[in-house]
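Residues per chain, in single letters:
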Amino acid sequence: MKPASPSPLLVIALTISAAIAAWGIVDPQGLGRLASAAVATQFNSRGWFIMLEVSGLLFVTLYLALSRFGDIRLGPDEAEPEFSTPAWIAMLFAAGMGVGLLFYGAAEPLTHFEVLRQYNPDPMAAGHALFITYLNWGFHAWAIYAIVGLVIAYFAYRRGRTLLLSAPVTETLGEARWTKSLGWVFDLLSIVAIAVGLAGSLAMGVFQIQTGLAGLIGVASPGVLTLPVFALLCVAYIIPLRRDLGEGMSLLSNIAMLIAVGMMVYLLILGPTSFMMDGIVSGFGRYLFGVLPAGFSTAEFFDDIIVDWFHGWTLNYMIWWLAWSPFVGIFIARISRGRTIREFLVGVIVAPTLFSILWFGIFGGLGFYDTLRQDGTLSAVNAENLDATTFALLAKFPLGGVTQIATVLAAFLFVVTSVVSAGFTLAMIGTGGDENPSPRIRTIWGIILGALGLAMILVGDISVVRSIIALSAMAFVFIVPILVICLFKSLSREDRT
Amino acid sequence: MSGQFVDTMLNVVVFAYIGFLIWLIFTGFPKTSKPADSETQAERHQNE
């Protein structure tokens, strides 16, 4: 049988992604400069709108969970959830986990601390640093994922449409030419955002793995390991993309998650347990009662140091979550069929946020303990190289070599499973919603992701990589509210019938 | 001066976008020639 010709969406998406990759490989500094300048302009002018929107999304999720719409099931009324609640929550943790947590566990709170201690006494700076980390990784992040996942799940399983972002538009606005065009643009932009976001994660994984390996095998300059690590990762994800390993991939993802959770528990027990628990409890309280007003903060009236720090972290994160939202949204939609909207929102927002609070409380707490009660070597390492902070922290504990190897392995598995999953998702969107896209298309996406990842690696600076991701996802600031309105229109239509 | 102009223009686009959202919320969507199939999956299931 002659294979169907590729859709224009797939061809254009591949071309745009390949063009960005080629630009990044030929002129990484040029791409980085453009992205940094464009993102800085956007953040300076539209920072207020981004924060207003993400806070608005959190309020929307609260309203949906508490209103009568919360009883609506993501599927037919008699549908039962496909997975048990514990298994579902474990999968949500897996969605939220990733190389980012390994990378930033101690590095992020310590970086905030170094900025904030210039303006505050150390104890206050440490408390606020943990608060800002929770703000960046907590309810707002998961509200973004939840609302996009909810829109996808509702229209796919309740309204019988595809898992694409175009589905809500054509379902709610009708199948006119302009609505189809708008939906097509949404699908295209979601592909570009997923591809660039995943490539950034791939680059981050390479930086982390090479730093860890360099420390383990005694190589002075981690940069010499970049290409071998990158090549190994590419081989490791291309194989499962060519052959559908199904359960095998979920096993690898679970192993990575178990390593990460095991390490967290190990550090909690062997570290200064009461110090960390004190920090977690007070940090959680501060976060719980301060999260809503903080979500509206825009670093107004402050000097350039604080404004740049706010743009580089909190605003960047919010855009980052928007960039990842179609990818994570599709995943959480697929595992949530048959749940009510209320169950969905509570599970997706609360469970992973609590996990982030524990994770950063433990890793950040250890960083603060070292800085405030010991010699402060971790702060020095962090100031020099963010990639090395997690490994420097692990080296301070018994069996440091074993935990560092485990971290490298977990980072490797997180990157491989994320890229494989992204390859499937990109191929699915590009083929108009085919949930079993052909191995050929998946492999092409694997190659494009590899090329984009190489471009990000050549850019070299992780903050510039974040700017490129932010630029690729900027359109989602405008897409997500339209999706939310489509959801409400459809829900109220259902309410009337 | 040009920075201020770009800043203003970027915000004007946001204001226009907010206006569009408000219009979507309060006046509904424009009529289209071919309305979407509004049968829910649950209904389809029942019909089968």
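Criteria and thresholds
Counting starts from 1 at the beginning of each chain's written sequence and moves along it residue by residue. Numbering of ligands from 1 and lettering of chains from A proceed in the order in which they are written. Only residues with pLDDT of at least 70 get local features here, since the model is predicted, and only at 80 or more are side-chain atom pairs given and counted; chain-wide, interface and lining totals rely on the full set of residues. By the criteria applied, helices consist of DSSP H or I runs no shorter than four residues and strands consist of E runs no shorter than two, each listed in order from the N terminus. To assign burial, the other C-beta atoms lying within 10 Å of each residue's own C-beta are counted, with C-beta atoms placed from the backbone; 20 or more indicates buried, 12 or fewer indicates exposed, and intermediate counts indicate partly exposed. We take the radius of gyration over the C-alpha atoms and set the globule estimate at 2.2 Å times the residue count to the 0.38 power. By the convention adopted here, residues make contact when the C-beta atoms placed from their backbones lie within 7 Å. Multiply 1.5 Å by the residue count of a helix minus one, and that product is the helix's expected span. Orientation is described by axes fitted as lines to C-alpha atoms, over the contacting stretch for helices, and by angles from 0 to 180 degrees between their N-to-C directions. Oblique is the label for any angle not covered by the other classes, which are roughly parallel (under 35 degrees), roughly antiparallel (over 145) and roughly perpendicular (65 to 115). Crossing handedness is read from the near helix: turned anticlockwise from the far helix by less than a right angle, it gives a left-handed crossing, and turned clockwise, a right-handed one. Charged means Asp, Glu, Lys or Arg here, nonpolar means Ala, Val, Leu, Ile, Met, Phe, Trp, Tyr, Cys or Pro, and polar covers whatever is left, Gly included. Each residue carries a pLDDT score, the predictor's own confidence in it, on a scale running from 0 to 100.

Moving on, we get to the overall build of chain B. Looking only at helices and strands, chain B features two helices and zero strands. Sorting the 48 residues of chain B into buried and exposed places 0% on the buried side.

Right, let's get into the overall build of chain A. A count of helical and extended segments in chain A gives 20 helices and zero strands. Here the C-alpha radius of gyration of chain A, 22 Å, is about what a compact globule of 497 residues would show, namely 23 Å. Each principal axis of the C-alpha atoms in chain A carries an extent, and together these give about 65 × 50 × 45 Å. Counting over 497 residues, chain A shows a buried share of 55%. Sequence separation of at least 24 residues holds for 82% of the intrachain contacts in chain A that already meet a minimum separation of 6.

Another aspect to go through is helix α17 (residues 400–430) of chain A. Residue and element names in this part refer to chain A. Taking 1.5 Å per residue as the helical rise, α17 with its 31 residues ought to reach 45 Å, and the 44 Å between its terminal C-alpha atoms agrees with that figure. Of all 31 residues making up α17, 26 are buried, and the element is well covered by its neighbours. Backbone geometry just downstream of α17 places glycine 432 in the positive-phi region, at approximately 75°.

Moving on, we get to the packing of helix α1 (residues 8–26) of chain A against helix α18 (residues 439–459) of chain A. All names here are of chain A. Axis separation between α1 and α18 bottoms out at 8 Å; the angle between their running directions is 30°. With respect to their mutual orientation, α1 and α18 come out roughly parallel. For α1 against α18, the interelement crossing comes out left-handed. Seen from α1, the contacting residues are Leu14, Ser17, Ala18, Ile20, Ala21, Gly24 and Ile25; seen from α18, they are Ile444, Ile448, Ala451, Leu452, Leu454, Ala455, Met456, Leu458 and Val459. Classifying every residue of the contact of α1 with α18 gives 14 nonpolar, two polar and no charged.

Parts of the model with low pLDDT should not have their predicted coordinates read in detail. All names here are of chain B. Chain-level pLDDT for chain B is 70 on average; 52% of the residues reach the 70-or-more range. Ignoring residues within four places in sequence, the model shows residues 31–42, a span with pLDDT below 50, making 27 contacts including any to other chains. At the level of chain-chain contacts, confidence expressed as ipTM amounts to 0.85, with global pTM at 0.90.

Right, let's get into unusual backbone geometry. Residue and element names in this part refer to chain A. The backbone phi angle of phenylalanine 301 is positive, close to 70°, even though this residue is not glycine. Looking at phenylalanine 301, the number of C-beta atoms within 10 Å reads 7, which means it is exposed. Although it is not a glycine, leucine 399 adopts a positive phi angle of roughly 55°. Among the secondary structure elements, leucine 399 is positioned in the loop between α16 (389–395) and α17. Take leucine 399: there are 12 C-beta atoms within 10 Å of it, and that puts it in the exposed class.

Residue and element names in this part refer to chain A. As for its placement among the helices and strands, leucine 258 is situated in helix α11 (residues 247–270). For leucine 258, a count of 12 C-beta atoms within 10 Å translates into the label exposed. Spatially, the C-alpha atoms of leucine 258 and alanine 94 are 9.6 Å apart, while their sequence positions differ by 164 residues.

A word on helix α5 (residues 107–116) of chain A. Residues and elements named next belong to chain A. Within α5, nine of the ten residues are buried, leaving the element largely enclosed by the surrounding structure. Those residues of α5 that sit buried are Ala107, Glu108, Pro109, Leu110, Thr111, His112, Phe113, Val115 and Leu116. As for α5, its buried residues are in contact with α4 (99–104), α6 (122–137), α13 (304–335), α14 (341–373), α15 (377–384) and α16.

Glancing now at the environment of alanine 37 of chain A. All names here are of chain A. With respect to the helices, strands and loops of the structure, alanine 37 is situated in helix α2 (residues 28–66). C-beta crowding within 10 Å serves as the criterion here: with 12 such atoms nearby, alanine 37 is assigned to the exposed category. Spatially, the C-alpha atom of alanine 37 lies 9.9 Å from that of leucine 471, the residues being 434 residues apart in sequence.

All right, on to the environment of serine 55 of chain A then. All names here are of chain A. Locating serine 55 in the fold gives a position in helix α2. Sequence-wise, serine 55 and glycine 338 are 283 residues apart; in three dimensions their C-alpha atoms are separated by 28 Å. When sequence neighbours within four positions are dropped, the list of residues in contact with serine 55 reads Gly295 and Phe296.

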